[in-house]
Amino acid sequence: NAGVTQTPKFQVLKTGQSMTLQCAQDMNHNSMYWYRQDPGMGLRLIYYSASEGTTDKGEVPNGYNVSRLNKREFSLRLESAAPSQTSVYFCASSRSLLQTRSYGYTFGSGTRLTVV
Amino acid sequence: GQQVMQIPQYQHVQEGEDFTTYCNSSTTLSNIQWYKQRPGGHPVFLIQLVKSGEVKKQKRLTFQFGEAKKNSSLHITATQTTDVGTYFCAGYGGYQKVTFGIGTKLQVIP
């Protein structure tokens, strides 16, 4: 059972370069998320997709774009990387995200990104 | 907007001692989740609490959801070195907004 698979696991970028972080889940989950984790800041939501065909901004969307390619895949793109985007990025999925309740998240193993 | 405060941010305990982390929300929550992240790892879902006053146990872990559904706690009895990690709460107040607490980093001294 793969769960949530993220690629790559590590990446070093130069300022101004672009890259796409890939995420795929095999649990037939409707909702998918991208978080970044920085020391002392906890987990901050970048973008989410409550269901296939929809995407919405989270707490810190600036400098990022996302694509919900299909029900399984949700990618995160950095168009012009900046040192402030050095972080650990986690993709997550959940059964659904309803108005009245949420469900537990399954997280991927993370991408450790350094922008120099 | 919804805020979830988690305390303490760090806790060192001797192995065998108890440990508690607390989450307080600025708004009433529909449900709250707890996660554990081992050093260098990713968050792993532990449990979800939905009902007012709910108490759930997983072996040495006890989770509580307050009567007003604005606070929650995780208590570990007789900590072990395998309990080391960061414990996060995540509160859901509706409108597709899940807010994570900053986490409590637990160190267990053998």
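To be clear, the structure that these remarks concern was listed above.
Residues numbered from 1 in each chain as written. Chains lettered and ligands numbered in written order. Predicted model: local features only at pLDDT ≥ 70, side-chain atom pairs only at ≥ 80, totals over all residues. Heavy atoms only, no water.

K.L.:
Even after reading the chapter, I still don't get the overall build of chain B, so can you show me in this structure?
P.N.:
Within chain B one finds zero helices and 11 strands. Sequence-ordered secondary structure for chain B, helices as α and strands as β, is β-β-β-β-β-β-β-β-β-β-β. Scaling as 2.2 N^0.38, a compact globule of 110 residues should have a C-alpha radius of gyration of about 13 Å, and chain B matches this with 13 Å. The burial tally for chain B puts 48% of its 110 residues in the buried class. Counted over contacts in chain B with a minimum sequence separation of 6, partners at least 24 positions apart contribute 54%. Carbon and sulfur atoms form 52% of the exposed surface of chain B, whose accessible area is close to 5,300 Å². Side-chain charges of chain B comprise 11 positive and 6 negative groups, with the mean position of each set lying 10 Å from the other. (Helix = DSSP H or I, 4+ residues; strand = E, 2+ residues; numbered from the N terminus. Rg over C-alpha atoms; globule rule 2.2 N^0.38 Å. Buried < 20%, exposed > 50% of the residue type's maximum accessible area, 1.4 Å probe, protein only. Contact = heavy atoms within 4.5 Å. Areas by Shrake-Rupley, 256 points an atom, 1.4 Å probe, with all protein chains shown as cover. Lys, Arg positive; Asp, Glu negative; His and termini not counted. Charge placed at Lys NZ, Arg CZ, Asp CG, Glu CD.)

K.L.:
Looking at this model, I keep getting lost on the state of the cysteines. Mind explaining?
P.N.:
One way to say it: the disulfide is the covalent bond shared by the sulfur atoms of two cysteines. Residues and elements named next belong to chain A. Inspection of every chain in the model, using the stated rule, returns two disulfides over all chains. With its sulfur 1.8 Å from that of its partner, cysteine 23 forms a disulfide with cysteine 91. The chirality of the disulfide connecting cysteine 23 with cysteine 91 is left-handed, given an S-S dihedral of about -75°. Remark: cysteine 91 occurs in strand E9 (residues 87–94) and cysteine 23 occurs in strand E3 (residues 19–25); sequence separation between them is 68 residues. The exposure classification of cysteine 23 matches that of cysteine 91, with both residues buried. (Disulfide = S-S within 2.5 Å.)

K.L.:
Could you clarify how one ought to interpret the side chain of B:Ser25 in this entry?
P.N.:
All names here are of chain B. Within the secondary structure, serine 25 is located in strand E3 (residues 19–25). At a separation of 2.6 Å, a polar atom in the side chain of serine 25 contacts the main-chain carbonyl oxygen of threonine 27. Excluding residues that lie within four positions of it along the chain, serine 25 makes contacts with Gln2, Gln3, Val4 and Lys70. (Polar contact = N/O pair within 3.5 Å; in protein donor to acceptor, adjacent residues only side chain to side chain.)

K.L.:
For this particular structure, what's the right way to read unusual backbone geometry?
P.N.:
Note: most peptide bonds trans; most residues except glycine with negative phi. The residue after A:Thr7, namely A:Pro8, is reached through a cis peptide bond having omega -5°. With respect to the secondary-structure elements, A:Pro8 resides in the loop between strand E1 (4–7) and strand E2 (10–13). The peptide bond linking B:Ile7 to B:Pro8 adopts the cis configuration, its omega dihedral lying at -5°. Relative to the elements of secondary structure, B:Pro8 occurs in the loop between strand E1 (4–7) and strand E2 (10–14). Positive phi, normally seen in glycine, also occurs at A:Asn28, with a value near 60°. Even without glycine at this site, B:Ala78 takes up a positive phi of about 50°.

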